[in-house]
Amino acid sequence: MYIHGQNVLGIQVDSETRCAHYHKEIDRIAIKFYCCNQYFPCYECHAQCGCDQPKPWPKNTFDQKAVLCGGCGHELTVAQYLNCQSNCPNCHRTFNPGCSLHAHLYFETEKGS
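Residues numbered from 1 in each chain as written. Predicted model: local features only at pLDDT ≥ 70, side-chain atom pairs only at ≥ 80, totals over all residues. Heavy atoms only, no water.

## Digging into the packing of aromatic side chains
- Applying the stated rule across the entire model yields eight aromatic pairs.
- Plain terms: the ring middles of Phe33 and Tyr106 are 5.5 Å apart, the flat faces sit at 75 degrees to each other, and that makes the pair edge-to-face. On the criterion of sequence distance, the pair formed by Phe33 in strand E3 (residues 29–33) and Tyr106 in helix H3 (residues 103–106) is long-range, its members being 73 residues apart.
- Assessed through its relative accessible area of 3%, Phe33 is described here as buried.
- For Tyr106, a relative accessible area of 7% gives the class buried.
- Joined through ring pairs, the aromatic side chains of Phe33, Phe40, Phe62, Tyr81, Phe95, Tyr106 and Phe107 make up one cluster. (Phe/Tyr/Trp six-rings, centres within 6.5 Å; stacked < 30°, edge-to-face > 60°. Helix = DSSP H or I, 4+ residues; strand = E, 2+ residues; numbered from the N terminus. Buried < 20%, exposed > 50% of the residue type's maximum accessible area, 1.4 Å probe, protein only.)

What follows is the structure in structure tokens.
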């Protein structure tokens, strides 16, 4: 599905990037996977529809745009996303703070490095 001009792949993706796995009102980001350079709403959608070779964004690439706000289409760099306190810096809509529990699946972190 094209959302704000970006192709977002996944299962039952809606117009704000929610999917079959994460569909609360605050679930409104898609993450560009480092391994395949494609946006997905979550790691489960990537596992079902992605490249089968998940790799987290290396720390030295945190200046790259990798997170799409489903509310306004603003693309955040990894560093901006990790420091945004679960709010889009452009439209100020809230992101799901629970996503931080899975950060190691998307980005090199202390837990996942």
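From this point, the discussion proceeds with the structure in view.
## Let's talk about the pattern of salt bridges
- Inspection of the entire model under this criterion finds four salt bridges.
- Between Arg18 and Glu16 there is a salt bridge; the shortest N-O distance is 2.6 Å. Each member of the pair Arg18 and Glu16 is classed as buried.
- Ionic pairing is found between Arg28 and Glu16, a salt bridge with its closest N-O pair at 3.3 Å. One end of the pair, Arg28, is in the loop between strand E2 (6–7) and E3; the other, Glu16, is in the loop between E2 and E3, with twelve residues separating them in the sequence. Note on accessibility: Arg28 and Glu16 belong to one class, buried.
- Here the salt bridges share partners, and the residues they tie into one network are Asp14, Glu16, Arg18, Glu25 and Arg28. (Salt bridge = Lys/Arg side-chain N within 4 Å of Asp/Glu carboxyl O.)

Keep in mind these numbers describe shape, not what the thing actually does.
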